[in-house]
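The chain contents come next:
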Amino acid sequence: MFYGKTVVKNIFFLSPVLIAVFCGLFCPLTEASATIAKVASFKGDVVIQSGTESAKVTQVGQPVNTGDNIQTREGEARIIFNDGAVMKINSYSNVIVQERNEKRGVWIFKTIKAARRATCFVGKFWFKSGASERKNYLQTPTAVCGIRGSEGEMGFDNINTFLNMITGIADAVGRVIRGPFTAPGIDAANKNNVYRSVLRAYEKKEQAKVTGKVVDLARAKVALLQAAKEAAAAMEKNPDDLVRTEAKLTMAATGARIAVAEIMVVIEQIKEAKAGAEKAAKDAEKRGDREKAVGARQAARDAEDALKKAEQAAEDAEGMAVRAGKLAEKLDLKGTRKAAEDAEKAANRAKSVQQELGNSIRDVVTTTTEVTTTVSPVKTIPETITTTVLPATTTTTTTTTTTTTTVKPVSPSR
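The structure presented is a predicted model; accordingly, all values stated were derived computationally and were not measured. (Residues numbered from 1 in each chain as written. Predicted model: local features only at pLDDT ≥ 70, side-chain atom pairs only at ≥ 80, totals over all residues. Heavy atoms only, no water.)

## A few points about the overall build of the protein chain
Scanning the protein chain from terminus to terminus reveals nine helices and 13 strands. For the protein chain, the residues scored as buried account for 51% of the 414 residues in total. Nonlocal contacts in the protein chain, meaning residues at least 24 apart in sequence, comprise 67% of its contacts between residues at least 6 apart. Surface accessibility of the protein chain: about 18,900 Å² in total, with carbon and sulfur atoms responsible for 52%. (Helix = DSSP H or I, 4+ residues; strand = E, 2+ residues; numbered from the N terminus. Buried < 20%, exposed > 50% of the residue type's maximum accessible area, 1.4 Å probe, protein only. Contact = heavy atoms within 4.5 Å. Areas by Shrake-Rupley, 256 points an atom, 1.4 Å probe, with all protein chains shown as cover.)

## Brief notes about the pattern of salt bridges
By the definition in use, this model includes 23 salt bridges. Where Lys 221 meets Glu 53, a salt bridge forms, and the shortest distance between an N and an O atom there is 3.4 Å. Remark: Glu 53 occurs in strand β2 (residues 53–56) and Lys 221 occurs in helix α6 (residues 214–234); sequence separation between them is 168 residues. For Glu 53, a relative accessible area of 43% gives the class partly exposed. Between Asp 316 and Arg 349 there is a salt bridge whose closest N-O contact spans 2.8 Å. Taken together, the positions of Asp 316 in helix α8 (residues 290–329) and Arg 349 in helix α9 (residues 333–361) put the pair 33 residues apart, joining distant regions of the chain. In this structure Asp 316 comes out as partly exposed when scored by relative accessible area, which is 32%. Through salt bridges that share partners, Asp 83, Glu 99, Arg 116 and Arg 134 make up one connected network. (Salt bridge = Lys/Arg side-chain N within 4 Å of Asp/Glu carboxyl O.)

## Brief notes about the environment of Met 87
Turning to its location among the elements, Met 87 is positioned in strand β5 (residues 86–89). Expressed as a C-alpha distance, the spacing of Met 87 and Glu 153, which sit 66 residues apart in the sequence, is 9.4 Å. Those residues in contact with Met 87 that sit more than four places away from it in its chain are Ala 77, Arg 78, Ile 79, Phe 81, Val 95, Val 97, Ala 118, Phe 125, Trp 126 and Phe 127.

## Things to note about the packing of helix α5 (residues 193–211) against α6
The relative placement of two packed helices is expressed as an angle between their axes plus a distance between the axes. Here α5 crosses α6 at 170°, and the two axes come no closer than 8 Å. Considering the angle they form, α5 stands roughly antiparallel to α6. Within the contact between the two elements, α5 uses Asn 193, Val 194, Ser 197, Val 198, Ala 201, Lys 204, Lys 205, Ala 208 and Thr 211 and α6 uses Asp 216, Leu 217, Arg 219, Ala 220, Ala 223, Leu 224, Ala 227, Glu 230, Ala 231 and Ala 234. The class makeup of the residues in the contact of α5 with α6 is eleven nonpolar, three polar and five charged. (Axes fitted to C-alpha atoms, helices over the stretch in contact; angles between N-to-C directions. Parallel < 35°, antiparallel > 145°, perpendicular 65-115°, else oblique. Nonpolar A, V, L, I, M, F, W, Y, C, P; charged D, E, K, R; others polar.)

## Re the confidence of the model for the protein chain
For the protein chain, per-residue confidence averages 82 on the pLDDT scale, and residues scoring 70 or more make up 77% of the total. Here helix α1 (residues 2–10) stands out as the element of the protein chain with the lowest mean pLDDT, 35, in contrast to β5, whose mean of 98 is the highest. Confidence over residues 1–32 falls short of pLDDT 50; this stretch has 102 contacts with residues more than four positions distant or in other chains. (pLDDT = per-residue confidence, 0-100.)

## Some thoughts on the packing of aromatic side chains
On inspection of all chains with the given rule, the structure shows two aromatic pairs. Here Phe 81 and Phe 127 contribute two aromatic rings whose centre-to-centre distance is 6.4 Å and whose plane-to-plane angle is 75°, an arrangement assigned as edge-to-face. With a gap of 46 residues between them, Phe 81 in strand β4 (residues 69–81) and Phe 127 in strand β7 (residues 111–128) connect regions that are remote in the sequence. Each ring, one from Phe 162 and one from Phe 181, has its centre 5.2 Å from the other, and the planes form 20°; the classification is stacked. (Phe/Tyr/Trp six-rings, centres within 6.5 Å; stacked < 30°, edge-to-face > 60°.)

## Quick look at the nonpolar core
Counting 37 residues, the largest nonpolar core has Ala 256, Ile 263, Met 264, Ile 267, Ile 270, Ala 317 and Leu 357 as its most contacted members. Of all elements in the fold, only α6, α7 (241–287), α8 and α9 reach the threshold of two or more residues within this core. Among the elements that make up this core, the one with the highest residue count is α7 (13 residues). Once residues within four sequence positions are removed from consideration, Ile 263 is found in contact with Ala 310, Ala 313, Ala 314, Ala 317, Ala 346, Ala 347 and Ala 350. Membership of the second largest hydrophobic core comes to 30 residues, among which are Ile 48, Ile 79, Met 154 and Val 176. (Core = buried A, V, L, I, M, F, W, Y, C linked by side-chain atoms within 4.5 Å.)

## Notes on unusual backbone geometry
Backbone geometry follows two general trends: most residues other than glycine have a negative phi, and most peptide bonds adopt the trans configuration. Located in the positive-phi region is Asn 158, a residue other than glycine, with phi close to 85°. Tracing the backbone shows Asn 158 in the loop between β9 (143–156) and β10 (161–173). Judged by its relative accessible area of 27%, Asn 158 falls in the partly exposed class. Look at Leu 331: it is not a glycine, yet its phi comes out positive at around 65°. With respect to the helices and strands, the residue Leu 331 is situated in the loop between α8 and α9.

## Some thoughts on the packing of α8 against α9
In the contact formed by α8 and α9, the axes pass within 8 Å of each other and the chain directions differ by 170°. Judged on the interaxial angle alone, α9 and α8 are roughly antiparallel. The residue makeup of the contact of α8 with α9, split by class, is 18 nonpolar, three polar and six charged.

## Thoughts on the pairing of strand β8 (residues 135–140)
Judged by how many residues are buried, β8 sits mostly within the fold: five of six residues are covered. Looking at chain direction, β8 and β9 are connected through five bridges and run antiparallel. Opposite Asn 136, over in β9, you have Ile 147 as the bridge partner. The hairpin formed by β8 and β9 contains two residues between the paired strands. (Pairing = 2+ DSSP bridges.)

## What to know about the pairing of β10
Pairing geometry for β9 and β10, over eleven bridges, is antiparallel. By the bridge assignment for β10, Val 144 is matched with Val 173. Linkage of β9 to β10, two consecutive antiparallel strands, is achieved through a turn of four residues, within which Asn 158 is found at a positive phi near 85°.

As structure tokens, then:
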């Protein structure tokens, strides 16, 4: 079956474009999966988003891969790169690190040089270069600084880029406020879209672990990709032409992957509706309620038809997402955006099918049976980020009652 064999295998595969989203630059897949550093020490709440995985730092030595997003709350993290370079990330900060080989120059005069980029979306970090000849870039949404020297601090408060070179010098593109500065802190983090989207993705992933529901895991994947898109959007107006152009490409390609992920949510919701209709039909038959059983069986058939249409939409969207990634690697912005639009159209088709299914089974299937309900409250992002520890568990209560259950229309994907 298509859904089981193709989409599950490819749906959340991160192309080079998606992994590069965090710093607006492309890198080969082999580099994207490489470990470039390890957590040397940490305290408090530190989360690392790596591809479509998100988890708290729980031990020293935890690997950091190129393209990883490191986010702190009331805590900090110190990482050591393979070449001995060191980075310390302050509280309420979001930093993405990447290493790759970058091509420079034009035509036959192109050269390839090893580069490391650390992108601060909010907060503050300290960096000290290592033993390698790798070129170091410290950047924010409003500036890119190529540093020559060994030690410096960078920060971003959602408006201003701060740079304090302790030793060495820096060549900057964009407006930079130089000299010692204070970490922006919780207020800046609270207002930062990238910071909030990474936190939201983490919480959805944790919720999915608690419920164990496939649909919740699918929603978490959507949230993780949306966090990547927020990072690309933040770099879209960077003053460096290369960074800005590649951020636009990445944003479009990521949008295509989000479209596919959203269809996976739709598919899981339709599956739940189908299972509910089938159970209602069996319950009605046991009671001898032929009319209700016929209606429920029809609802199940409608769900099966909707599932096939949604799976076809997923296949179409996946093809467009792959195409978008390839075109983005070729720096074809127009083609990438067109492929992303086609993927989004496929997602909209799936959502329409979902809505039609909801309308067709509304108030059709009703039965009285003994059911066990599990209540798993949904965690939401507070308007103000607090200094409490990130939630790791969700309270679950179970009650057994005799009640009347109505199969409701499938809710639109979120």
